[in-house]
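So the chains spell out like this:
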Amino acid sequence: MSRTWIDLAYLFAAICLILGIKRLSHPRTARSGNWIAAVGMAIAVGFTFAIEEIDTYWLMLAGILVGSIVGVVSARMVRMTAIPQMVALFNGVGGGAAALIAAAEFHRLAPEAGQLAGDHLVGILFSALVGSVSFWGSLVAFGKLQDFVPGRPIVFAAQNLINAVLGLTLLGAIVLTAITEQGVWLAVLMVGALALGVLFVLPIGGADMPVVISLLNAFTGLAAASAGFVLDNTALIIGGTLVGASGTLLTIKMGQAMGRPLRQTLFGAFGAAPEAGAVTAMAAADGDGSVRTASADDIAFMLAYARRVVFVPGYGLAVAQAQHDVRNLGELLEGKGVDVRYAIHPVAGRMPGHMNVLLAEANVPYDELFEMEQINPEFPQTDVVVVVGANDVVNPAARNQPGNPIYGMPILDVDKAHNVVVIKRSLSPGFAGVDNPLFYDPKTVMLFDDAKAALGKLIGSVKAV
Amino acid sequence: MNAQLVAELTVFALAVFVGFELISKVPTMLHTPLMSGTNAIHGIVLIGAMLIVGTADSNLEKALGFVAVVFGTINIVGGFLVTDRMLEMFKQRQPEDGDGDGEP
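The structure reproduced in this document is the subject of the present report. (Residues numbered from 1 in each chain as written. Chains lettered and ligands numbered in written order. Predicted model: local features only at pLDDT ≥ 70, side-chain atom pairs only at ≥ 80, totals over all residues.)

1. Some words on the overall build of chain B
- Looking only at helices and strands, chain B features four helices and zero strands.
- Along the chain direction, N to C, the helices and strands of chain B fall in the order α-α-α-α.
- By residue count, 59% of the 104 residues in chain B fall in the buried class.
- The contacts in chain B between residues at least 6 apart in sequence include a share of 49% that link residues at least 24 apart. (Helix = DSSP H or I, 4+ residues; strand = E, 2+ residues; numbered from the N terminus. Buried ≥ 20, exposed ≤ 12 C-beta atoms within 10 Å, placed from the backbone. Contact = placed C-beta atoms within 7 Å.)

2. Comments concerning the interface of chain B and chain A
- Taken together, the contact pairs 82 residues of chain B with 98 residues of chain A.
- Residue assignment for the side of chain B that touches chain A shows that the elements contributing at least two residues are helix H1 (3–22), helix H2 (31–41), helix H3 (45–54) and helix H4 (59–91) of chain B.
- The leading source of residues in the side of chain B that touches chain A is H4(B), at 30 residues.
- Among the residues forming the side of chain B that touches chain A, the class breakdown is 46 nonpolar, 24 polar and twelve charged. (Nonpolar A, V, L, I, M, F, W, Y, C, P; charged D, E, K, R; others polar.)

3. Comments concerning unusual backbone geometry
Residue and element names in this part refer to chain A.
- Positive phi, normally seen in glycine, also occurs at aspartate 147, with a value near 65 degrees.
- Taking the number of C-beta atoms within 10 Å as the measure of exposure, aspartate 147 has 11 and is therefore exposed.
- Positioned with a positive phi, asparagine 363 is a non-glycine residue whose angle comes to about 65 degrees.
- Positionally, asparagine 363 belongs in the loop between helix H15 (354–361) and strand E3 (369–371).
- Taking the number of C-beta atoms within 10 Å as the measure of exposure, asparagine 363 has 15 and is therefore partly exposed.

4. Regarding the packing of helix H4 (residues 83–109) of chain A against H2(B)
- Between H4(A) and H2(B), whose axes approach to 9 Å, the crossing angle comes to 20 degrees. The angle between H4(A) and H2(B) places the two elements in the roughly parallel class. In the crossing of H4(A) with H2(B), the sense of the turn from one axis to the other is left-handed. Where H4(A) abuts H2(B), its residues A:Val87, A:Phe90 and A:Asn91 lie against B:Met35, B:Ser36 and B:Asn39.
- Class assignment for the residues of the contact of H4(A) with H2(B) results in three nonpolar, three polar and no charged. (Axes fitted to C-alpha atoms, helices over the stretch in contact; angles between N-to-C directions. Parallel < 35°, antiparallel > 145°, perpendicular 65-115°, else oblique. Left-handed = near helix turned anticlockwise from the far one by under 90°.)

5. Notes on helix H12 (residues 296–304) of chain A
All names here are of chain A.
- All of the buried residues in H12 are Ala296, Ile299, Ala300, Leu303 and Ala304. For H12, the buried positions fall inside an angular range of 130 degrees around the axis, keeping them on one side.
- Contacts from the buried residues of H12 go to strand E1 (308–313), helix H14 (323–335), strand E4 (384–388), strand E5 (419–424), strand E6 (444–448) and helix H18 (451–464). (Arc of directions from axis to C-beta.)

Right, dumping it as structure tokens:
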């Protein structure tokens, strides 16, 4: 087939991708948008088979077969709570592919030293570096969310020194690859990129992983676009750039939804700020001891005789995979005539929007889910708020303590309800590392337990009321 | 600078603006599916991997290209399927949707 037809097919595919992303950003059209993008992708891949320069097919068909099996199985088997780490893995392999393409193309072109066109060389270096960073960074993000790697920010001595040495090494490898066109320097660059990817993600806490994954997603897009420059392929340039640009904007939006500037998320763990915050919180907890705890029976009584109960599910619920339990408790209360609602903070769960997915999976009716703006005016008329594994998103300090690290972050005003029940494993501060005055509020009672275990006890107690 | 590179840079620059415009207004609820959907789209890197493995001269290039094809395919297939699973959750709510428009 002539190149013209293939390029026209790529154009059509690109239009599908653009329409797909457009539709993905509206709730009503999102699902069809995903499929339109998939069709565009199938067209682009299908027409690539017809490119004349290609002479061996069995190897690529074998690769596609293996990749499809792995892709289908992992996408079907993954639990909804594990979706964020799955997205991290899918993102990582994309970045890895871009880096491998760069390495292979360099190997093909490099023997004829001096013949490597400048733009191809730049593209190869960029894809190799950014693709590798995305691959290894995504693996660490996966490890953190899967609890293979501790989710807390990992900081160690001389971090800044190591980063500086690493930066110089990478710079040196880039310059030497460009001058000598020797594969060994490209290999050094890719090993350095491995270290950079790991060191970039390790110091960032588990709760911030969504933003990191989103950023690495944009990185992979740019690495793919760069591979398009290397191979002179417009479909790659368009597809990769669309993701690079929209992914960057999405990352910024996620940061805004969390009330944390991107810079603070990415580099906030450098230095000892989180530890200092934690120490203060512990001191405060030890110091005034005015926290009230209550038994599951007491709380069940309060819930069963309430007119309106609002559940505030958070990160801890996602970790404990307790979405079905909270829904069971909600249904039980509805059976007793209680008006049950769920308040969803924009960044509740492990990713913005993740809590909506989890509660939808547990069959919580859509009309019981309330966004922050809708539910906040309702709290003064709410009898009991049950906070399940959330902390920073219900911290009134964000509203009334100027100077507090989370001041200005949009929060759920649960402290305006008549009673607050907080289910939490301990008094430890949330990711922001700041103390939560809500826990010491006289109308708050604490139930210290794992979210799943606590909800199980409450269900039992409510049944017995 | 040759004409092809200029054409590619043109496409790149326009795609940057389109990418920014596309998601200028997106509800928080859709952040995760949107990230996952765009994640699948950069799987288009598969095309590059196919070109590499289809035109490879040496075994090293074949090996690198093969792994890249596997990776790219996982990215696309897994990415679109997992995004669909997420969006399916939202769609199930339609029958209980009280506003009568039949949409979540």
